[in-house]
Amino acid sequence: MGKIILYRAICIEEMDSIKKIGISNKEGCYEDKLFATNIEDAVNFGKANFLLDRKSNFILKFVVSDNILYILDGPFELDFKKTYIVHKNNFDLFNEHSIFEEILYCPLVLKK
């Protein structure tokens, strides 16, 4: 069985949620989830997110079983980055067939 590696820039609140229940949605959040195909693009998405919400962000690496590749929408280019989308109706299947780990890098933080 093969796999695909995807990366996602997230804030600490989303990381806490993923650790507890996997990929999910909170009211008021973007419904579908975007994933980059390499760490550099995920970091750049994170930098853009930081400029919008001023929250420190982190990168998660997802190893996804290739038997559920049909649920991934993409790849397509978003801001010159190769991107996949997992739609909210596929979160349970995605969580069941993927594992994640935090990628260590220096996140952006606000100076007081």
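Definitions and cut-offs
Residues numbered from 1 in each chain as written. Predicted model: local features only at pLDDT ≥ 70, side-chain atom pairs only at ≥ 80, totals over all residues. Heavy atoms only, no water. Buried < 20%, exposed > 50% of the residue type's maximum accessible area, 1.4 Å probe, protein only. Helix = DSSP H or I, 4+ residues; strand = E, 2+ residues; numbered from the N terminus. Arc of directions from axis to C-beta. Contact = heavy atoms within 4.5 Å. Polar contact = N/O pair within 3.5 Å; in protein donor to acceptor, adjacent residues only side chain to side chain.

What about helix H1 (residues 12-21)?
Next up, step 1: For H1, every residue scored as buried is listed here: Glu14, Met15, Ser17 and Ile18. Along the axis of H1, the buried residues cluster in a sector spanning 165°; they form a single face. Those residues of H1 that are exposed and aimed more than 90 degrees away from the buried face are Lys19 and Lys20.
Next up, step 2: Looking at the packing, one finds that the buried side of H1 touches strand S1 (3-11), strand S2 (33-36), strand S3 (57-65) and strand S6 (98-103).

What to know about the environment of Asn38
Next up, step 1: Here Asn38 shows up in the loop between S2 and helix H2 (39-53).
Next up, step 2: C-alpha separation for the pair Asn38 and Arg8, spaced 30 residues apart in sequence, amounts to 9.2 Å.
Next up, step 3: Of note is the side chain of Asn38, whose polar atom sits 2.7 Å from the backbone nitrogen of Asp41.

Quick look at unusual backbone geometry
Next up, step 1: The peptide bond linking Gly74 to Pro75 adopts the cis configuration, its omega dihedral lying at 5°.
Next up, step 2: Its location among the elements puts Pro75 in strand S4 (residues 72-78).
Next up, step 3: Positive phi, normally seen in glycine, also occurs at Asp79, with a value near 55°.
Next up, step 4: Looking at where Asp79 falls in the secondary structure, it is placed in the loop between S4 and strand S5 (81-86).
Next up, step 5: Judged by relative accessible area, Asp79 falls into the exposed class, the value being 52%.
Next up, step 6: Even without a glycine there, the phi angle at Phe80 is positive, about 65°.
Next up, step 7: As for its position among the elements, Phe80 is in the loop between S4 and S5.
Next up, step 8: The exposure class of Phe80 is exposed, given its relative accessible area of 80%.

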